[in-house]
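Now for the letters of each chain:
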Amino acid sequence: MKIRDVEMTAFCDIISERAEKANHEYAEGRGKVFKDYRELLKEDLDAVCVLTPNISHAPISIDALKAGKHVMCEKPMAKNYAEARAMLDARDKSGKLLTIGYQNRYRPDSLFLKEECDNGVLGNIYFAKATAIRRRAVPTWGVFLDEEKQGGGPLIDIGTHALDLTLFMMNNYEPAYAVGTVYHKLNKDKKTGNAWGDWDPKKFTVEDSAFGFIVMKNGATIILQSSWALNTTEVREAVTTLSGTKAGADMPQAGSLTINGIKNGKQYVLTPDLKAGGVAFYDGAAVKDSDLEAQTFAKAIQGKGKLYVQPEEAAVVTRILEGIYDSAKTGKPHYFN
Ligand SMILES: NC(=O)c1ccc[n+]([C@@H]2O[C@H](COP(=O)([O-])OP(=O)(O)OC[C@H]3O[C@@H](n4cnc5c(N)ncnc54)[C@H](O)[C@@H]3O)[C@@H](O)[C@H]2O)c1
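Because the structure is a prediction, the values reported are computed rather than measured.

## What to know about the site of the ligand
Around the ligand lies a shell of 20 residues, among which Asp13, Arg18, Asn54, His57 and Gln103 are the nearest. Gly101 has a polar backbone atom sitting 3.3 Å from a nitrogen atom of the ligand. When isolated, the ligand has an accessible area of 840 Å², and the protein chains bury 75% of it. When contributions to the shell around the ligand are tallied by element, the ones reaching two or more residues are helix 3 (57-66) and helix 7 (154-170).

Quick look at the structure:
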C-alpha cells in the first residue's frame with residue numbers, strides 16, 4: 001500500500017543487490033541506493049526506517065537522529081537497556097520522533113482490547129500471560145541465530161512482541177523483578193522439521209526457548225513464554241491473556257479476541273466481530289497492521305497525530321528482556337531499581 005504524502009527515495013544495504021531490489025520494489029527504481037548508511041543520512045530525508053539486525057538498531061538510529069531525521073526502528077528497540085536509553089537521549093537532543101516497530105498493536109483485536117483496557121472494562125489487571133510459542137519455526141536466514149549480532153533468540157525476537165502487547169494493555173511500565181530461564185535444548189538437532197528448513201547447529205548460538213516470571217511494582221504478575229522450537233502443539237504468537245478485577249481477555253490467536261466476565265450472576269464470553277462487514281457480500285476493507293503503523297508514523301511527522309508506540313515503552317520491554325536473560329545467567333531474580 002502507498003502511504004499518502006510519503007515517498008521512499010533512498011535505500012541502503014551492505015549487500016548492494018538488496019538495496020537495489022528494495023529500490024525497484026518501493027520506488028520503481030527511481031530512488032538512490034547506498035552501501036553505507038552514513039552516506040544515506042547526508043540526503044535530504046525527513047525520516048529513516050532502521051531494518052537491520054538488532055546489533056545496529058541503536059548506532060544507526062542514533063546517527064540518524066543526530067542527522068536530524070525522524071526514526072522508525074524495527075523491534076526489539078535495542079540489544080540491551082543501555083543502548084535503548086542512549087537512543088532516548090539522542091531522540092531528546094534531536095527533537096525528532098523515534099518509534100519502534102511493534103506492529104501487533106495495530107491489529108484489530110489489539111485496538112479493540114486497548115480501548116476496553118483504557119475504559120476500565122477489565123478493572124485492575126493483576127495477572128497476564130504473554131505468549132510467543134512456535135513448535136518448529138526457527139528463522140534460518142540472516143543473523144537470527146547469532147548471539148553477538150542479535151543479543152538473543154526467541155525471547156528478544158518474538159517474546160518482545162508478546163511482552164510489548166501485554167505491558168501496553170496493562171499500561172504498566174514499572175517492573176520490580178524478573179526470574180528467567182533460558183534453554184538450548186534443541187538447537188543442536190539435525191533433522192529438525194523446521195518451517196524454514198534445517199538450521200545449522202554450529203551457527204545456532206542463541207537460546208531456542210526462554211521463559212520469564214515478571215513481577216511489577218504494583219504487584220501484578222506476568223508470565224512470558226517464548227520459543228522458536230518446543231515440543232508442544234500449543235502454537236500461539238504475539239498474543240496476550242489478561243485477568244483483571246472486573247473482566248479478563250484472551251487472544252486465542254493473533255487477530256482474535258474474547259472478553260470474559262460475570263454478568264447478572266452468570267459467566268459470559270464475548271467474541272467481538274473484528275471485521276468491518278455488516279453486508280452479505282463483503283467483509284469490509286481490512287487495513288493491514290503494518291500499513292496503519294506506517295500511516296501513524298507519517299501523520300505524527302506531519303503533526304497530524306501522535307505516535308502509537310512510544311520509545312520509552314519499548315525501552316522498558318528491552319529492560320525486562322535483559323533482566324530475564326540476566327536472571328537465567330545468574331540463577332537469581334533480577335531486580336529493577
Ligand atoms: N516487526 C516485526 O514483526 C519484524 C519482522 C521481521 C523482522 N523484524 C526485525 O527487522 C530486523 C531485520 O530482520 P530481517 O528478517 O529483515 O533480517 P534480514 O537479515 O533479512 O535483513 C537485514 C538486512 O540488513 C542488512 N544490513 C545489516 N547490517 C547493515 C548495516 N550496517 N547497514 C545497512 N544494511 C545492513 C543485511 O545485509 C540484510 O539485508 C530485525 O531486527 C528483526 O527483529 C521485525
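Once you've had a look at it, read on.
## A closer look at a nonpolar patch on the surface
Side chains of Val6, Met8 and Tyr26 sit close together on the surface and give an oily, nonpolar patch of about 290 Å² of accessible area. Among the structural elements, Tyr26 can be located in helix 1 (residues 16-27).

## Here's the deal with the side chain of Asn187
By the element assignment, Asn187 lies in the loop between strand 7 (175-183) and strand 8 (209-216). On the basis of relative accessibility, which here comes to 2%, the residue Asn187 falls in the buried class. A polar contact of 3.3 Å, which involves the side chain of Asn187, links it to the backbone oxygen of Val206. Apart from residues lying up to four places away in sequence, Asn187 is in contact with Trp199, Pro201, Phe204, Val206 and Asp208.

## Description of the sheet that holds strand 4 (residues 70-74)
Spatial strand order, 3-4-5: three strands in an open sheet with parallel pairing. The open sheet is flanked by strand 3 (47-50) and strand 5 (98-101), the only strands paired with a single partner. On average, each strand axis in the sheet is tilted by 15° relative to the strand beside it, whichever way the strands run. Examined bridge by bridge, strand 4 and strand 5 share four bridges and lie parallel to one another. Paired with Met72 across the two strands is Thr99, which belongs to strand 5. The strands that helix 3 touches are strand 3, strand 4 and strand 5; relative to strand 4, the one it contacts most, it runs at about 170°.

Rules behind the numbers
- Residues numbered from 1 in each chain as written.
- Predicted model: local features only at pLDDT ≥ 70, side-chain atom pairs only at ≥ 80, totals over all residues.
- Heavy atoms only, no water.
- Near = heavy atom within 4 Å.
- Polar contact = N/O pair within 3.5 Å; in protein donor to acceptor, adjacent residues only side chain to side chain.
- Areas by Shrake-Rupley, 256 points an atom, 1.4 Å probe, with all protein chains shown as cover.
- Helix = DSSP H or I, 4+ residues; strand = E, 2+ residues; numbered from the N terminus.
- Patch = residues over 30% accessible without salt bridge, like charges linked within 9 Å, V, L, I, M, F, W, Y side chains within 5 Å.
- Salt bridge = Lys/Arg side-chain N within 4 Å of Asp/Glu carboxyl O.
- Buried < 20%, exposed > 50% of the residue type's maximum accessible area, 1.4 Å probe, protein only.
- Contact = heavy atoms within 4.5 Å.
- Pairing = 2+ DSSP bridges.
- Axes fitted to C-alpha atoms, helices over the stretch in contact; angles between N-to-C directions.

Coordinates in, geometry out; function isn't part of it.
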